[in-house]
Every structure is written in structure tokens, then in C-alpha cells.
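Residue-level structural notes
Residues per chain, in single letters:
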Amino acid sequence: MGSLGTTELILILAVVVLLFGVGRVSRVGGEMGSAIREFRKGLKGDDEKNETTPADVRNK
């Protein structure tokens, strides 16, 4: 099996837009972007908590 080329991706995008409409596709894209942003923010917050916890334990 080969990889998808530019023509195939454009064809798939056109079919998705025809099935769901431009408004719904853009809304889903925006929701996915915000979900990814929140996920990255959550990962970054966990790293900061893990880094500060050992230092707090050593200082006490």
C-alpha cells in the first residue's frame, strides 16, 4: 500500500465537506485544536508539579 498523495487528500477533504458542510467541519477542527491545546497544557502542568514536589520535600 502506498501513501496518500496530495490529490487523494484533496478528494477526501472534498467528500467530507460535501457530507458534513463547511460549518460543521470548521467547528470540529476548532474543537480538536482546543482539545489538543488543553492536553498539552495538562501535560506541562503535570511536569511542573513533579519538578517542584521533590524540591519541596528536600527543603523540609
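The structure displayed is predicted, hence computed values, not measured ones. (Residues numbered from 1 in each chain as written. Predicted model: local features only at pLDDT ≥ 70, side-chain atom pairs only at ≥ 80, totals over all residues. Heavy atoms only, no water.)

1. Points about the overall build of the protein
Helix and strand content of the protein: two helices and zero strands. Relative to its 60 residues, the protein shows a buried fraction of 0%. For the protein, the exposed surface amounts to about 5,700 Å²; the carbon and sulfur share of it is 63%. (Helix = DSSP H or I, 4+ residues; strand = E, 2+ residues; numbered from the N terminus. Buried < 20%, exposed > 50% of the residue type's maximum accessible area, 1.4 Å probe, protein only. Areas by Shrake-Rupley, 256 points an atom, 1.4 Å probe, with all protein chains shown as cover.)

2. Re helix 1 (residues 6-20)
Given 3.6 residues to a turn, an α-helix orients residues that are three or four positions apart in the same direction. Over its 15 residues, helix 1 extends 21 Å from the first C-alpha to the last, a length consistent with the 21 Å expected when each residue adds 1.5 Å. Positive backbone phi, at 90 degrees, marks Gly-21, one or two positions downstream of helix 1. (Expected span 1.5 Å × (residues − 1).)

3. A short note on the environment of Leu-4
Mapping Leu-4 onto the fold places it in the segment before helix 1. For Leu-4, the residues in contact, after removing those within four places along its chain, are Leu-9 and Ile-12. (Contact = heavy atoms within 4.5 Å.)

These results come straight from atomic positions and should not be treated as a statement about function.
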